[in-house]
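These are the residues of each chain, in order.
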There are 2 protein chains.
Amino acid sequence: MTAAAPEVKKLYISYNNIHKLCQETAEKLKAESNKPDIIIAIGGGGFIPARILRSFIREQGEKNIPIQAIGLSLYESMGNNSTIDTIGKEVVRTQWLDFGAIDKHFDTLIGKKILIVDEVDDTRTTLYYALTELKKDVRNQAIKLGRSDEKTIFSVFVLHNKDKPKKEDLPKELMDSGRYLAARTVPDIWIAYPWDASDIDYHTEMAKTQGNI
Amino acid sequence: MTAAAPEVKKLYISYNNIHKLCQETAEKLKAESNKPDIIIAIGGGGFIPARILRSFIREQGEKNIPIQAIGLSLYESMGNNSTIDTIGKEVVRTQWLDFGAIDKHFDTLIGKKILIVDEVDDTRTTLYYALTELKKDVRNQAIKLGRSDEKTIFSVFVLHNKDKPKKEDLPKELMDSGRYLAARTVPDIWIAYPWDASDIDYHTEMAKTQGNI
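The rules behind these values
Residues numbered from 1 in each chain as written. Chains lettered and ligands numbered in written order. Predicted model: local features only at pLDDT ≥ 70, side-chain atom pairs only at ≥ 80, totals over all residues. Heavy atoms only, no water. Helix = DSSP H or I, 4+ residues; strand = E, 2+ residues; numbered from the N terminus. Rg over C-alpha atoms; globule rule 2.2 N^0.38 Å. Buried < 20%, exposed > 50% of the residue type's maximum accessible area, 1.4 Å probe, protein only. Contact = heavy atoms within 4.5 Å. Areas by Shrake-Rupley, 256 points an atom, 1.4 Å probe, with all protein chains shown as cover. Lys, Arg positive; Asp, Glu negative; His and termini not counted. Charge placed at Lys NZ, Arg CZ, Asp CG, Glu CD. Core = buried A, V, L, I, M, F, W, Y, C linked by side-chain atoms within 4.5 Å. Axes fitted to C-alpha atoms, helices over the stretch in contact; angles between N-to-C directions. Parallel < 35°, antiparallel > 145°, perpendicular 65-115°, else oblique. Pairing = 2+ DSSP bridges. Left-handed = near helix turned anticlockwise from the far one by under 90°. Least-squares fit on C-alpha atoms with pLDDT ≥ 70 in both. Expected span 1.5 Å × (residues − 1). Right-handed = clockwise from strand over helix to strand, strands pointing away. Disulfide = S-S within 2.5 Å.

### So, the overall build of chain A
Next up, step 1: Broken down by element type, chain A carries 6 helices and 8 strands.
Next up, step 2: Against the 2.2 N^0.38 benchmark of 17 Å for 213 residues, chain A shows a C-alpha radius of gyration of 18 Å, consistent with a compact globule.
Next up, step 3: Each principal axis of the C-alpha atoms in chain A carries an extent, and together these give about 55 × 55 × 30 Å.
Next up, step 4: Here chain A holds 213 residues, and 53% of them are scored as buried.
Next up, step 5: Sequence separation of at least 24 residues holds for 77% of the intrachain contacts in chain A that already meet a minimum separation of 6.
Next up, step 6: Here chain A displays about 10,100 Å² of accessible surface, and carbon together with sulfur accounts for 49% of that area.
Next up, step 7: Mean positive and mean negative side-chain charge positions of chain A (30 and 31 charges, respectively) differ by 4 Å.

### Observations regarding the nonpolar core
Next up, step 1: With 70 residues, the main nonpolar core has Ile52, Leu53 and Phe157 of chain A together with Ile52, Leu53 and Phe157 of chain B as its most contacted residues.
Next up, step 2: Beyond its immediate sequence surroundings of up to four residues, isoleucine 52 of chain B is in contact with Tyr15, Ile48 and Trp195 of chain A together with Ile18, His19 and Cys22 of chain B.

### Focus: unusual backbone geometry
Next up, step 1: Here the residue pair glycine 43 of chain A and glycine 44 of chain A is connected by a cis peptide bond, since its omega of -10 degrees sits within 30 degrees of zero.
Next up, step 2: For arginine 124 of chain B, which is not glycine, the phi torsion reads 75 degrees and is therefore positive.
Next up, step 3: Residue class for arginine 124 of chain B comes out buried when judged on its relative accessible area of 9%.

### Digging into the packing of helix α1 (residues 15-31) of chain A against helix α1 (residues 15-31) of chain B
The geometry of a pair of packed helices is captured by two quantities: the angle between their axes and the separation between those axes.
Next up, step 1: Packing of α1 of chain A against α1 of chain B leaves a shortest axis separation of 9 Å and a crossing angle of 125 degrees. One finds that α1 of chain A runs oblique with respect to α1 of chain B. For the pair α1 of chain A and α1 of chain B, the contacting residues are Tyr15, Asn16 and His19 of chain A in the first and Tyr15, Asn16 and His19 of chain B in the second.

### Some remarks on the pairing of strand β7 (residues 180-186) of chain A
Residue and element names in this part refer to chain A.
Next up, step 1: Burial of β7 is extensive: 5 of the 7 residues sit out of reach of the surface.
Next up, step 2: With 6 bridges joining them, strand β6 (residues 153-162) and β7 adopt parallel strand pairing. Within the sheet, the bridge partner assigned to valine 158 lies in β7 and is alanine 182.

### Structural notes on helix α2 (residues 47-57) of chain B
The periodicity of an α-helix, 3.6 residues per turn, causes residues three or four positions apart to be oriented the same way.
Next up, step 1: Within α2 of chain B, 11 of the 11 residues are buried, which leaves it mostly tucked inside the rest of the structure.
Next up, step 2: All of the buried residues in α2 of chain B are Phe47, Ile48, Pro49, Ala50, Arg51, Ile52, Leu53, Arg54, Ser55, Phe56 and Ile57 of chain B.

### So, the packing of helix α6 (residues 200-209) of chain A against α1 of chain B
Next up, step 1: In the contact formed by α6 of chain A and α1 of chain B, the axes pass within 10 Å of each other and the chain directions differ by 150 degrees. Judged by the angle between their axes, α6 of chain A and α1 of chain B are roughly antiparallel. Regarding α6 of chain A and α1 of chain B, the two cross each other, and that crossing is right-handed. Residue-level inspection shows Ile200, Asp201 and Thr204 of chain A of α6 of chain A in contact with α1 of chain B, the latter providing Asn16, His19 and Lys20 of chain B.

### What about the environment of arginine 54 of chain B?
Next up, step 1: Relative to the helices and strands, arginine 54 of chain B resides in helix α2.
Next up, step 2: Under the relative-accessibility criterion, arginine 54 of chain B is labelled buried at 11%.
Next up, step 3: Measuring from C-alpha to C-alpha, the distance between arginine 54 of chain B and isoleucine 38 of chain B comes to 9.4 Å, with 16 residues separating the pair along the chain.
Next up, step 4: Setting aside anything within four residues of it in sequence, one finds arginine 54 of chain B in contact with Gly44 of chain A together with Ile39, Asn64, Ile65 and Ile67 of chain B.

### Some thoughts on the relation of the copies chain B and chain A
Next up, step 1: In the superposition of chain B on chain A (RMSD 0.0 Å, axial shift 0.0 Å), the rotation amounts to 180 degrees. Taken together, these values place the two copies in the relation of a two-fold axis.

### Observations concerning α1 of chain A
Residues and elements named next belong to chain A.
Next up, step 1: Between its terminal C-alpha atoms α1 stretches 24 Å, which fits the 24 Å expected from 17 residues at 1.5 Å a residue.
Next up, step 2: Across the 17 residues that make up α1, a large majority, 12, are buried.
Next up, step 3: Immediately beyond the C-terminal end of α1, within one or two residues, lies serine 33, with a positive phi of roughly 50 degrees.

### Description of the pairing of strand β5 (residues 113-121) of chain A
Next up, step 1: By the criterion of burial, β5 of chain A is predominantly enclosed, with 8 of the 9 residues buried.
Next up, step 2: A crossover connection joins β5 of chain A to the parallel β6 of chain A through helix α4 (residues 125-145) of chain A; in handedness this β-α-β unit is right-handed.

### Concerning the state of the cysteines
Next up, step 1: Using the criterion set out here, one finds 0 disulfides over all chains in the structure.
Next up, step 2: Free cysteine cysteine 22 of chain A: the closest other cysteine sulfur is in cysteine 22 of chain B, separated by 17 Å.
Next up, step 3: Cysteine 22 of chain B gets classed as buried once you look at its relative accessible area, which sits at 0%.

Following this line, the structure appears as structure tokens:
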């Protein structure tokens, strides 16, 4: 469960390892009184950690923490004059929050503790997009309803943060206040998640030899 | 990976077992030319099988199959005159499809192969609700756009179907035509999914002794 040794080119991660990373993070969130009121899972990668995390955030006798899913994909943006400098990745929304259902069952997101979950923080583009857009939506709704959104608190959880230059920055205040939670920081190498494994037994064995079990 | 022996009271399911059930189902869907164009995951239980299934449905070089999430919860309906007979479970929508995004990126659901995914078919109430409401939405949209929704094909995939009397029926035509896919049919016992395990190593060992690995 330690960071990969420098010679590792491909980091094999087992399901049980992911389970433990979520469990560990949930304990941390609870210990620091930073338990979310709602989880926002960025699909597809965030679905699995979000669902596991939910089990461990709930205290005995409490209701399930709601999970809302959003779908974000990174596509190459295809400008006609693309050069290495201008080729970028564009974030495409394939699903967004269902504000109708949230408002009905949950009295809006205003003033809530909101945890955004994804599997990996690579270039930080997706997380930046999700956080910025969600903040904007909550602010606009607060304005519309004449309420203050001051107490709305966003946090971010990823299984792995790749130690590399990022294309976007998350707010300094979020990073400095412990509300950016990466269960593990790893070198900029290939992370092989179990859900993509064509031979899960082999994959799990490899994860075991790397200590990610 | 066989059905639980009759004396088993609690069925321990490992992540790797779930992975293999999804892989096996994806192969079946592909072999029968029943590959979905879109997956609809019923959250929270459907998130994990939906994400795993997606890996194996995609053919090399193809784009990811989109996953849309919906959130459904079963709540006890609380009539004032509740008796054993009238106490029921009410389905509450906590998230629904984002038709704006689907229509923009996917040209509607009309005429598509749609696979609804959940972890377990217990009383069938949630699956019935999801299928009925989704069908209604697609039909209404087809009417609105003056298109035919005849070619829209819904299928259902669950990891486990509990062999017990169901509160709702799915359409006979769906059941008879192989479009109801339960990776395993199990007795009406407690299924312990890994994402709820407080000790995942112990859980995995128990799954191993039961052959669910």
